[in-house]
Amino acid sequence: MFSPMLRAPSVLLSTFAFITSFSAISAFSTDAHLPPLIKWQGQSEKLMTTSGALLTDFEKSLGKATPDYVNTMEYLDKLALSNNKQFSIKIIGKSAQGRDIKMLIASEKGTLSNNKPTVLFQAGIHSGEIDGKDATFMLLRDISEGKRDDILKRVNILFIPILNVDGHERSSQFNRINQRGPIEMGFRTNANNLNLNRDYTKLDTPGVKAIVSVVNKYNPDLYIDIHVTDGADYQYDITYGYMPVFASESPLISKVLDDKFKPLLDNKLAKSGHIPGPLVFVMNKRDFKQGLAGWVATPRYSNGWGDLRNLPTILVENHSLKPYKQRVLGTYVFIDGVIDALSKYESELSSAVKHEQTHLPKELAVQRGYSKQADLISFKGIKYETFHSELSNHKEVRYIGEKIQYDNLPIFWQKDVKATVKVPKAYYIPSQYSNIVSNLKLQGIEVTQVNGKFNSLKQGIVTDFEFDKMPFEGRMRVSASFDYSDLPQTQLTNWYKVETSQVLGKLAVHLLQPEAIDSFFKWGEFNTIFQRTEYVENYALVPFANEMLENNPALAKEFKQKLAIDNDFKNNEKARLNWLYQQTPFYDKSYLKYPILIEYK
Ligand SMILES: [Zn+2]
């Protein structure tokens, strides 16, 4: 609706044109178009302070604004200086536009070499959804000032205040039309217009590469990815979720989160005046009562990726229609609750992780659909009415700001498994795909080099394929069906081998099995196999084929039969010659063949 040109284009495009949030407070109301609010007050308001050397920019603005990159990093430095025995700052990556991506490490004695569990809080992967930055700053300030000296006795903290640092500086009042504050907020995607929360398997962005390295280096026990929703209006202010047990490839972890973490978190949020709720979407945005959509993250998302790594991962989605102050305070209570739960249930969680690390399933689900059968849940909704809009010439929804309790609201979970793959013993990658090998190694997957003769390898041959009509995340994605053929004994020279019986085996299968939804293949890493690059001239083919058929009566018979039963083939001279060309030894042996070989037990 709003034109992006309402702000000067030079501000949007310039790398170092920082806007200070507080000077930008304007009389323009960016939320008059949003549904009415229910007035909120809560115990958590007492968490805000009004003075002191470590007063946050969020508090200075009375909960309305968030600092830009420069001020954020200045505050991070100030925090580290204020408590240099416990806090330190690491540069974990550099953005495409050259900004440092920083992480604060907090531990009781300034070292992670202790037996405490470690939690990773990540803010601003979508930088307009920045609640986690300002909430965690307050919590760290309270640690530094001694108000919360209980925390580092129990856990170590890794905190990334802004992951998408370039998107964060594409700052505007007009970046998120469905969101109430902060006054100016960053943009969803990075400077290359890539969405970091679709990048966990292909690793195209410096931000997600940095996160993968952090997870491999520091091995956190729990990973919290903090967002803000879009979508329907409801009463909940803090919603969160993780891979549901039915869909999880590390179900014991999801069960600990369900049975232990969730009751504690919900209770703590409710006591502080917040309204915790489930992470859900709506099946039909124009007809809420049709029910909710219970989405299951694929591996391109933080929580789908975490599930395959046996890394307990919680996706927080604060409700976009709640004011910034309420959301940030709720986030403070949430992360405080996460720390309580992690310290209390550390042994349950770590034994679930250990179990999942050593239990490789026989098959993995690679495609899911919404179940036709709904589950029923109770849900704290907001009343709405519908009206005819002249603009859309269609029925539209208007939320009216009054509570409504749904006792039996249908929710359609993605419980239908539409495709599975058998987990093989190993994958073999030819040396020319060193980019694939680099990605696997960055993910932390063990790769070895092999030479020698191998038996019982299979190769996938594409029988049918379809490219998406538009690029997605800068890639031309492709889906294909395969026939697998047994290869004769094969000499492999300087190939790479990935065994599935390793801690990250489930992730390896999702990356290397071409039918998997976020595999390298589907992201277009092997699109060159769809090209035919040598040419055949008919004056050469016809005499060659004549001789070939004379010398091979069985093939001649097959050709004749094909002509007899398939009229289209018979009447298509190109198809006839192409078929014959395919039977010759001149035909490209790599065409439509998935280059990674697979070994089953
Ligand atoms: Zn988001």
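Residues numbered from 1 in each chain as written. Predicted model: local features only at pLDDT ≥ 70, side-chain atom pairs only at ≥ 80, totals over all residues. Heavy atoms only, no water.

### Here we look at the coordination of the zinc ion
Reference geometry at the metal: tetrahedral coordination by four donors gives ideal angles of 109.5 degrees; octahedral coordination by six donors gives 90 or 180 degrees.
Here is step 1 of the chain: The coordination sphere of the zinc ion contains the protein donors His126 (ND1), Glu129 (OE) and His227 (ND1), at a distance range of 2.0 to 2.1 Å.
Here is step 2 of the chain: Along the chain, the residues donating to the zinc ion are arranged with the sequence spacing H-x2-E-x97-H. Of this pair, His126 sits in the loop between β3 (118-123) and α4 (131-144) while His227 sits in strand β5 (residues 222-228), placing them 101 residues apart in sequence.
Here is step 3 of the chain: Residue classification places His126 among the buried residues on the basis of a relative accessible area of 3%.
Here is step 4 of the chain: The exposure class assigned to His227 is buried, which follows from its relative accessible area of 1%. (Donors = N, O, S within 2.8 Å, 3.2 Å for Na, K, Ca; no water. Helix = DSSP H or I, 4+ residues; strand = E, 2+ residues; numbered from the N terminus. Buried < 20%, exposed > 50% of the residue type's maximum accessible area, 1.4 Å probe, protein only.)

### Quick notes on the side chain of Asp199
Here is step 1 of the chain: Along the chain, the position of Asp199 falls in the loop between α6 (165-168) and α7 (206-218).
Here is step 2 of the chain: Residue Asp199 is classed as buried on the basis of its relative accessible area of 0%.
Here is step 3 of the chain: The residues contacting Asp199, other than those within four sequence positions of it, are Asp204, Thr205, Val208 and Arg300. (Contact = heavy atoms within 4.5 Å.)

### Re the layout of surface pockets
Here is step 1 of the chain: In this structure, the largest pocket encloses a volume near 920 Å³.
Here is step 2 of the chain: Lining the largest pocket are 23 residues, with His33, Pro35, Asn178, Glu396 and Val397 sitting closest to its centre.
Here is step 3 of the chain: Breaking the lining of the largest pocket down by element, the ones donating at least two residues are β12 (375-389) and β13 (394-413).
Here is step 4 of the chain: It is β13 that provides the largest number of residues to the lining of the largest pocket, a total of four residues.
Here is step 5 of the chain: Within the lining of the largest pocket, the residues separate by chemical class into 13 nonpolar, five polar and five charged. (1 Å grid on protein atoms, 1.4 Å probe; cavity = no way out; pocket = protein on both sides within 12 Å on 5 of 7 lines; lining within 4 Å. Points joined across faces, edges and corners; volume = space filled by probe spheres on them. Nonpolar A, V, L, I, M, F, W, Y, C, P; charged D, E, K, R; others polar.)

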